[in-house]
There are 2 protein chains.
Amino acid sequence: MFSRLLPVWSFFLLLTTLHPVAAVWPAPQSYTKGNTTLYLNQNIKVTYNGAFLPYTYGYVPSGFSSKEVVQAGVSRALSGIFESKFVPWVLHKPNSKFEPDVYQGQNWLKTLEIIQKAEDKPSAFKPLDNEVDESYNLTISTAGDVKLTAISSIGILRGLETFTQLFYQHSTGTSWYTPYAPVAIQDAPKFPHRGILLDTARHFFPVDDILRTIDAMAWSKLNRLHIHVTDSQSWPLVIPALPELSSKGAHHPSETYSPADIERIQKYGVHRGVEVYFEIDMPGHIGVVSLSHPELIVAYNEQPYYWWCAQPPCGAFKLNNSAVDDFLEKLFDDLFPRLHPYSAYFHTGGDELNKNDSMLDEGIRSNKSEVLQPLLQKFIDTQHSRVRKAKLTPVVWEEIPLEWNVTIGKDTVVQSWLGGASVKKLTAMGHKVIDSNYNFWYLDCGRGQWLSWDNGLAFETGYPFNDWCNPVKSWRLIYSHDPTAGLTEEEAKLVLGGELAVWSETIDPMNLDTIVWPRASAAGEVLWSGRIDPATGQNRSQIEATPRLNEFRERLVKRGVRASPIQMQFCVQGEAWECEYPM
Amino acid sequence: MFSRLLPVWSFFLLLTTLHPVAAVWPAPQSYTKGNTTLYLNQNIKVTYNGAFLPYTYGYVPSGFSSKEVVQAGVSRALSGIFESKFVPWVLHKPNSKFEPDVYQGQNWLKTLEIIQKAEDKPSAFKPLDNEVDESYNLTISTAGDVKLTAISSIGILRGLETFTQLFYQHSTGTSWYTPYAPVAIQDAPKFPHRGILLDTARHFFPVDDILRTIDAMAWSKLNRLHIHVTDSQSWPLVIPALPELSSKGAHHPSETYSPADIERIQKYGVHRGVEVYFEIDMPGHIGVVSLSHPELIVAYNEQPYYWWCAQPPCGAFKLNNSAVDDFLEKLFDDLFPRLHPYSAYFHTGGDELNKNDSMLDEGIRSNKSEVLQPLLQKFIDTQHSRVRKAKLTPVVWEEIPLEWNVTIGKDTVVQSWLGGASVKKLTAMGHKVIDSNYNFWYLDCGRGQWLSWDNGLAFETGYPFNDWCNPVKSWRLIYSHDPTAGLTEEEAKLVLGGELAVWSETIDPMNLDTIVWPRASAAGEVLWSGRIDPATGQNRSQIEATPRLNEFRERLVKRGVRASPIQMQFCVQGEAWECEYPM
């Protein structure tokens, strides 16, 4: 009874003991910390399975041995602490004492002992989902000894990222410390597939933008970059056996990915535990091929576009034409051997194929499912067998099994963009699923129409010019989404994880970072840590998450990513109750 | 009858003759152009009222004579052409011929003759709205003579900006050309007040961000930067007579504006025809003063905040306390003499004052309008007489006259954020109005809640966590808005123009550019060129505007502003009909 008499907000005052927050994003499965300050400098002795591992600033690995992966990870982790200059005044009230007195003597971190408990499997650096153990344990003793253990080198990378997030720079400029010793963390991901889909066809992203995205993914413990590399709008991918594809289909010669670019992106990802895989969307969403191979495509840039596809320019493969198959054989024979060393997957697309396209196909002249379905079944069978022959695993969009009733292999992973009922159906059918529910995880939504609407009836039809998936998915909405909601336990096991979608109608290098970050990190926590907080058994609360995401966002900015703020600075500096909806 | 038989999209094909577009944003009132190519180099002979004006790269003016303003403008215009490296392949189909053959001989621009037809009035560089004539005429003959005439030096700056937008860099790298000669432009603004409101209290923006914003404003022919410099969240403004305001109220010592910073921002604006003026919002939205002068403020950071104000932290001046008046006298005596040399206006705020605050004021203890209104009337009378004494003109938010029935001076400008019916009421009352209708021109809207919502009832209340003014105002919606819609001719004359609002709850230097640009430019065209196209007498069409805004956006990017794309690159490179909603 007494508590009911207290003003509502007095409870929030009690929460101040939670501040400063536990810092790490995404939240570890188990995490205890103390309040002893330990300092870090470049003399920390690093060992890997007992052998001395020198810390080299900017270490560039020459290959993919476990040792090289770990050594490069250590170099990045320590550099990340020393170089990012993150003095955390922005997380504390103005004029407050927020850091240790550096002149009161410093206790130093002495050792960073890294132990990998098993040898990496050959697939460690291009795993199928669930093939690599990403778990790790991290302890920091008050005596200054750090111990990081994991099964795989990828687990070690995850632990190093967590380690990085425990440190701040002192405002005096040349000291780095953690105020949280002793630390004990046990951690492992909830879902094996935690990704971002980046569309490089509607706008081109230079390699550096992609590498920076991979960096921020690794910091967020996201591990799959799905590059939707072509679409009806452009073909930036250089295929040496078919050079006309990019020479006629790229926006500009400067906006292409050479084989060396692709390899560089993939290798960069491997070293950060981010598997990069590619999608060539077909048989729809491929109109651009018409610019170099018009005989293979129907309905290219037909108008009114909505009769033939979801957005201009339209264009699909002819479904009953052996030349398409010959073309794809040549394309895949060139591409797959180059992708295979660093990817386990290849995505053949399959979304939004419009039946009307085949009305224009002189070899079909029908939009009837009973005519088209067997042709599509054959198309998928043929192409997926090529994917498998190249030792890749096919991924398709949900329409292939759900809308077209095409039978796909048990190995095939299905990506759902409609989410919800589709995920339920797919898992009930026994399919492995990647969830990209557009109501939650489409990062491009809500910023308005890109089509132009003329005055008159079009204006009235389009007004107020919201886009199809309005509104913007705020991080709070993104964070509320559980990819396994509504599923049975058996069904939930088939959900490999999810991907945030970055369709690039109105996204290019100028605004990429501000749109993706830190919202993708919010989903990253759902995918790594789980929607449920193990400490409470309840859904994770924004109250606990917000200050941690504020801190993580500051770290993104300090490490070179133009992440958007999620709150005004008063809130970032304040206590959680000050910017909580009071109820 | 024949035309009805043509397919719908054939009409769009006819529109291709409009391409390439007229390039200039905002659209001039009258504009004819040809298709002769003229080249530009640094040897162009520039004169100003007959006297030779040497082109000096990066010319830094020492003062504010008309000649210095013009000379600096010429330097920026030419540097803008030479330095921005805008090779316009991005506006043309891949693999198309989009530029002149530089080896086929070059016809050169010979002279740029600038004539200012009247002497600048003393107020030219800090005008009241309607006090400066911004019109200009610009002609380029096929013989290579450019003539730019204007009444004021500000008009010349506007014409120079138009001139800049007629040029491209050749892909060979060392040639610059316009393909549009002969050119004849007559131009003048529709509205005298074309502004942006930037909130520097919820996030701080370093001086460089503000200067870059002024640059992009000048390129868009926007001319008023309203800096909402303080709010309940922070006080970044250094007041030497009251240093405690910023030392206790700023987010951090590094996040303050010194008097030298303020002067630098204002002078930078003057040289670009952008008048910078400041708002200290009161008597609400001023809680931060409580950190240094708690005796002046009621309800600071009270919870639940919604009982006392619109967002945390709450806080308002005591309305019946002479110490408040003494404080403001000291504040204004320090501030106004520094602002006055470069500003005509000072904004005293007045939005969202919550009557309940005075329940906590020991000198009032009432939330009754009949008690508070006379106190507020006296408060406004006193402070506005101080504003006038400093030879500044007061600006207030609409609540002061409309909600509180406070009588304000005839000189006073009223800013409306509710728009529509409020603008109608205010102009019917005879008030001069700045329109910032939040349904159209609030650039911060639609990106989600920044408040945190706990699990349980709060979660259900807040879900799906849209913000109060959802959705995002796309440039198409922004562009559809006429600030004088629904007004009589007499009422419309009182609308001085409008301001785009950049409230910074979730905006900081990381995403400022991507959020403001090019959306503010879209309103810039409504305010400069008018919602109606004089050529057709109809509302301007997105079909005509979109390719011009695409081009202007590319110029923003090339000149260093991280403006967001408004269409996918296929559309930017294509013909208007290809990305038009077909109807």
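Residues numbered from 1 in each chain as written. Chains lettered and ligands numbered in written order. Predicted model: local features only at pLDDT ≥ 70, side-chain atom pairs only at ≥ 80, totals over all residues. Heavy atoms only, no water.

- Chain A is annotated in an unreviewed UniProt entry as Beta-hexosaminidase from Podospora fimiseda.
- Per UniProt, the comment on chain A under Catalytic activity (unreviewed entry) is "Hydrolysis of terminal non-reducing N-acetyl-D-hexosamine residues in N-acetyl-beta-D-hexosaminides."
- Here is the UniProt Sequence similarities (unreviewed entry) comment for chain A, exactly as written: "Belongs to the glycosyl hydrolase 20 family." (UniProt positions renumbered as here; feature names shortened; annotations may be inferred.)

Describing the pattern of salt bridges
Moving on, step 1. Applying the stated criterion to the full structure yields 53 salt bridges over all chains.
Moving on, step 2. Lys355(B) serves as the salt-bridge partner of Glu403(B), at 3.7 Å between the closest nitrogen and oxygen. Pair noted here: Glu403(B) is in the loop between helix H10 (399-402) and strand E16 (413-416) and Lys355(B) is in the loop between strand E14 (345-347) and helix H9 (369-389), with a separation of 48 residues, a long-range link.
Moving on, step 3. Here the residues in one salt-bridge network are Asp199(A), Arg202(A), Asp231(A) and Glu505(A), joined through shared partners. (Salt bridge = Lys/Arg side-chain N within 4 Å of Asp/Glu carboxyl O. Helix = DSSP H or I, 4+ residues; strand = E, 2+ residues; numbered from the N terminus.)

Comments concerning the UniProt feature "domain: Glycoside hydrolase family 20 catalytic" (unreviewed entry) in chain A
Moving on, step 1. Per the UniProt annotation, the sites labelled "domain: Glycoside hydrolase family 20 catalytic" (unreviewed entry) are residues 191-530 of chain A.
Moving on, step 2. In residues 191-530 of chain A, helix accounts for 35% and strand for 14%; the two terminal C-alpha atoms are 8 Å from one another.

As for the relation of the copies chain B and chain A
Moving on, step 1. Least-squares fitting of chain B to chain A yields an RMSD of 0.0 Å, with the transformation described by 0.0 Å of translation along the axis and a rotation of 180°. A rotation of that kind, with that shift, is consistent with a two-fold axis. Every residue of chain B has its C-alpha some distance from the rotation axis, and the shortest such distance is that of Pro471(B), at 3.0 Å.
Moving on, step 2. Counting the interface residues of chain B, we find that 100% of their copies in chain A are interface residues as well, pointing to one common contact surface. (Least-squares fit on C-alpha atoms with pLDDT ≥ 70 in both. Contact = heavy atoms within 4.5 Å.)

Observations concerning the pairing of strand E5 (residues 136-140) of chain B
Residue and element names in this part refer to chain B.
Moving on, step 1. Residue alternation in E5 divides its side chains into a buried set, Tyr136, Leu138 and Ile140, and an unburied set, Asn137 and Thr139.
Moving on, step 2. The pairing of E5 with strand E6 (residues 145-150) spans five bridges and is classified as antiparallel. Within the sheet, the bridge partner assigned to Leu138 lies in E6 and is Leu148.
Moving on, step 3. Hairpin geometry of E5 and E6 is characterised by an intervening segment of four residues between the two adjacent antiparallel strands and by a positive phi of about 100° at Gly144.
Moving on, step 4. The pairing of E5 with strand E8 (residues 176-187) spans five bridges and is antiparallel. Following the sheet pairing, Thr139 is matched in E8 by Ala184. (Buried < 20%, exposed > 50% of the residue type's maximum accessible area, 1.4 Å probe, protein only. Pairing = 2+ DSSP bridges.)

What about the state of the cysteines?
Moving on, step 1. Here the structure, examined in full by the defined rule, presents six disulfides over all chains.
Moving on, step 2. Paired through a disulfide, Cys309(A) and Cys314(A) show a sulfur-sulfur distance of 2.1 Å. Here Cys309(A) and Cys314(A) share a disulfide; its torsion about the S-S bond, -75°, makes the bridge left-handed.
Moving on, step 3. Linked covalently through their sulfurs, Cys571(B) and Cys579(B) form a disulfide whose S-S length is 2.0 Å. What sets the handedness of the Cys571(B) and Cys579(B) disulfide is the S-S torsion sign, and at about -80° it is left-handed.
Moving on, step 4. What makes Cys579(B) buried here is its relative accessible area of 2%. (Disulfide = S-S within 2.5 Å.)

Considerations on the sheet that holds strand E14 (residues 345-347) of chain A
All names here are of chain A.
Moving on, step 1. Strand order in the closed barrel formed by eight strands is E9-E10-E11-E14-E15-E16-E17-E18, with parallel pairing between adjacent strands. In this sheet, neighbouring strand axes are inclined to one another by 30° on average, regardless of whether the strands run parallel or antiparallel.
Moving on, step 2. Sheet analysis places E14 next to strand E15 (residues 393-397), joined by three bridges and oriented parallel. Looking at E15, one finds that Tyr345 is bridged to Thr393.
Moving on, step 3. The strands that helix H7 (residues 259-270) touches are strand E10 (224-230) and strand E11 (275-280); relative to E11, the one it contacts most, it runs at about 140°. (Axes fitted to C-alpha atoms, helices over the stretch in contact; angles between N-to-C directions.)

Overview of the domain arrangement of chain A
Residue and element names in this part refer to chain A.
Moving on, step 1. Per the domain assignment, the segments of chain A are domain 1 (22-188) and domain 2 (193-529).
Moving on, step 2. Listed per partner, the contact involves 27 residues of domain 1 and 29 residues of domain 2.
Moving on, step 3. Summed over both sides, the interface of domain 1 with domain 2 buries roughly 2,400 Å², with 53% coming from carbon and sulfur.
Moving on, step 4. For the domain 1 face of the interface with domain 2, the top three residues by lost area are Trp25, Lys126 and Asp129, together amounting to 29%. (Domains from an automatic or database assignment. Buried area = accessible area lost by both parts, 1.4 Å probe.)

So, the pairing of strand E4 (residues 111-116) of chain A
Residue and element names in this part refer to chain A.
Moving on, step 1. Burial along E4 is one-sided: Leu112, Ile114 and Gln116 are buried, and none of Thr111, Glu113 and Ile115, which face the opposite way, are.
Moving on, step 2. Where strand E2 (residues 45-48) lies against E4, four bridges are found, and the strand directions are parallel. Note on E4: the bridge partner recorded for Lys45 is Thr111.
Moving on, step 3. Sheet topology note: the E4/strand E6 (residues 145-150) ladder contains six bridges and is parallel. Looking at the pairing, Ile114 lines up with Leu148 of E6.

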